[in-house]
Amino acid sequence: MTHSTTHSTVPAAVPATTPPATAKVAYGDVEVGTELPARSFPVSRATLVRYAGASGDFNPIHWNEKFAKEVGLPDVIAHGMFTMAEAIRVVTDWIGDPGAVVEYGVRFTRPVVVPNDDQGAMIEVTGKVAAKLDDNDNTVRVDLTATSAGQKVLGMSRAVVRLA
């Protein structure tokens with residue numbers, strides 16, 4: 001099975017005219033290579049049903065094993081936007097202010113397969129400051145790595161963040 005790669009970018013969460021975000025991390029305290037605390041996010045079928053209700057995305061590939069397999073998937077898969085949202089939590093937890101995320105984009109490279117068992121799936125996310133972008137605007141680029149079952153599930157996962 002091949003999974004087509006798609007790209008998703010969330011535009012600036014805060015217009016340029018908005019006052020600076022209240023990030024708890026100071027620009028002067030980070031360097032290129034600074035690692036963010038890693039996180040693990042469990043995903044169960046119940047998680048997917050709750051997300052479907054919240055998002056309105058009731059595509060059966062996210063809850064119906066028979067349908068998912070009929071269309072060539074190995075099993076039910078997590079919503080791409082759910083995976084994307086879990087990954088950015090590493091950044092928002094680190095900076096303490098979701099409004100400090102200026103830009104965020106990913107490529108969906110592999111689905112997160114969620115078996116119907118007591119374990120479900122796990123999304124593992126790490127992050128690192130990859131570049132200091134603007135000393136006047138206190139912005140940095142954070143590169144994220146998201147994996148599940150040992151496979152990279154998001155590619156080119158990058159966030160631009162305005163620090164204190």
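You'll find the structure just up there.
Keep in mind that this is a model prediction, so the values were computed, not measured.

Trainee: Help me out: how do you make sense of the environment of Val125 in this one?
Mentor: Its place among the elements puts Val125 in strand β4 (residues 121-134). When the C-alpha atoms of Val125 and Phe41 are compared, they prove to be 8.1 Å apart, with 84 residues separating the residues in sequence. Filtering out sequence-adjacent residues up to four positions away, Val125 remains in contact with Ala38, Arg39, Phe41, Ala87, Val90, Leu144, Thr145 and Ala146.

Trainee: Can you help me understand the side chain of Thr92 in this one?
Mentor: Tracing the backbone through its elements, the reader meets Thr92 in helix α3 (residues 80-95). By relative accessible area, which is 17% here, Thr92 ends up buried. Among residues more than four places away in sequence, those in contact with Thr92 are Asp97, Pro98 and Val101.

Trainee: Which parts of the structure should I look at to understand a nonpolar patch on the surface?
Mentor: On the surface, Val49, Phe58 and Trp63 cluster together into a nonpolar patch covering about 330 Å² of accessible area. Note that Val49 resides in helix α1 (residues 45-55).

Trainee: Looking at this structure, how should I read the packing of aromatic side chains?
Mentor: The geometry of an aromatic ring pair is captured by two quantities: the separation of the ring centres and the angle between the planes. Per the stated rule, a full pass over the model turns up 1 aromatic pair. With 5.4 Å between their ring centres and 70 degrees between their planes, Tyr51 and Phe82 make a pair best called edge-to-face. Of this pair, Tyr51 sits in helix α1 while Phe82 is found in helix α3, placing the two residues 31 residues apart along the sequence. A relative accessible area of 22% places Tyr51 in the partly exposed class. The exposure class of Phe82 is buried, given its relative accessible area of 8%. For Lys132, the ring lying beneath its charged end belongs to Tyr27, and the centroid distance is 4.2 Å.

Trainee: Mind showing me how you'd approach α3 here?
Mentor: Owing to its 3.6 residues per turn, the α-helix brings residues three or four apart onto one side. Here α3 contains 16 residues, and its C-alpha end-to-end distance of 24 Å stays within 8% of the 22 Å for a straight helix at 1.5 Å per residue. Along α3, the sharpest change in direction is near 30 degrees and occurs at Arg89. Residues of α3 that are buried: Phe82, Thr83, Met84, Glu86, Ala87, Ile88, Val90, Val91, Thr92, Trp94 and Ile95. One or two steps after α3, the chain reaches Gly96, where phi turns positive at roughly 80 degrees.

Trainee: Explanation requested: α1 in the structure shown.
Mentor: Looking only at α1, the buried set comprises Arg45, Thr47, Leu48 and Ala52. All buried residues of α1 lie within an arc of 150 degrees about the axis, which places them on one face of the element. For α1, the exposed residues set more than 90 degrees away from the buried face come down to Arg50 and Ala54. Structurally, α1 contributes buried residues whose contacts are with β2 (35-43), α2 (65-70) and α3. Count one or two residues on from α1 and you reach Gly56, which has phi positive near 80 degrees.

Trainee: I keep staring at the nonpolar core and nothing clicks. Help me out?
Mentor: If you look at soluble globular proteins, the nonpolar side chains tend to sit buried side by side. Formed by 38 residues in total, the largest nonpolar core has its most connected members in Val91, Ile95 and Tyr104. Mapped by element, the contributors of at least two residues to this core are β2, α3, β3 (101-108), β4, β5 (139-148) and β6 (151-162). If one sorts the elements of this core by residue count, α3 sits on top with 8 residues. Discounting chain neighbours no more than four positions away, the residues touching Ile95 are Ala23, Lys24, Val25, Ala100, Val101, Val161 and Leu163.

Trainee: Which parts of the structure should I look at to understand unusual backbone geometry?
Mentor: Both trends apply: most residues other than glycine have a negative phi, and most peptide bonds are in trans. Although it is not a glycine, Ala149 adopts a positive phi angle of roughly 55 degrees. Looking at the secondary structure, you find Ala149 in the loop between β5 and β6. Since its relative accessible area comes to 77%, Ala149 is described here as exposed.

Cut-offs used in this document
- Residues numbered from 1 in each chain as written.
- Predicted model: local features only at pLDDT ≥ 70, side-chain atom pairs only at ≥ 80, totals over all residues.
- Heavy atoms only, no water.
- Helix = DSSP H or I, 4+ residues; strand = E, 2+ residues; numbered from the N terminus.
- Contact = heavy atoms within 4.5 Å.
- Buried < 20%, exposed > 50% of the residue type's maximum accessible area, 1.4 Å probe, protein only.
- Patch = residues over 30% accessible without salt bridge, like charges linked within 9 Å, V, L, I, M, F, W, Y side chains within 5 Å.
- Areas by Shrake-Rupley, 256 points an atom, 1.4 Å probe, with all protein chains shown as cover.
- Salt bridge = Lys/Arg side-chain N within 4 Å of Asp/Glu carboxyl O.
- Phe/Tyr/Trp six-rings, centres within 6.5 Å; stacked < 30°, edge-to-face > 60°.
- Lys NZ or Arg CZ within 6 Å of the ring centre and 35° of its normal.
- Expected span 1.5 Å × (residues − 1).
- Bend = angle between axes of the 7 residues up to and from the residue.
- Arc of directions from axis to C-beta.
- Core = buried A, V, L, I, M, F, W, Y, C linked by side-chain atoms within 4.5 Å.

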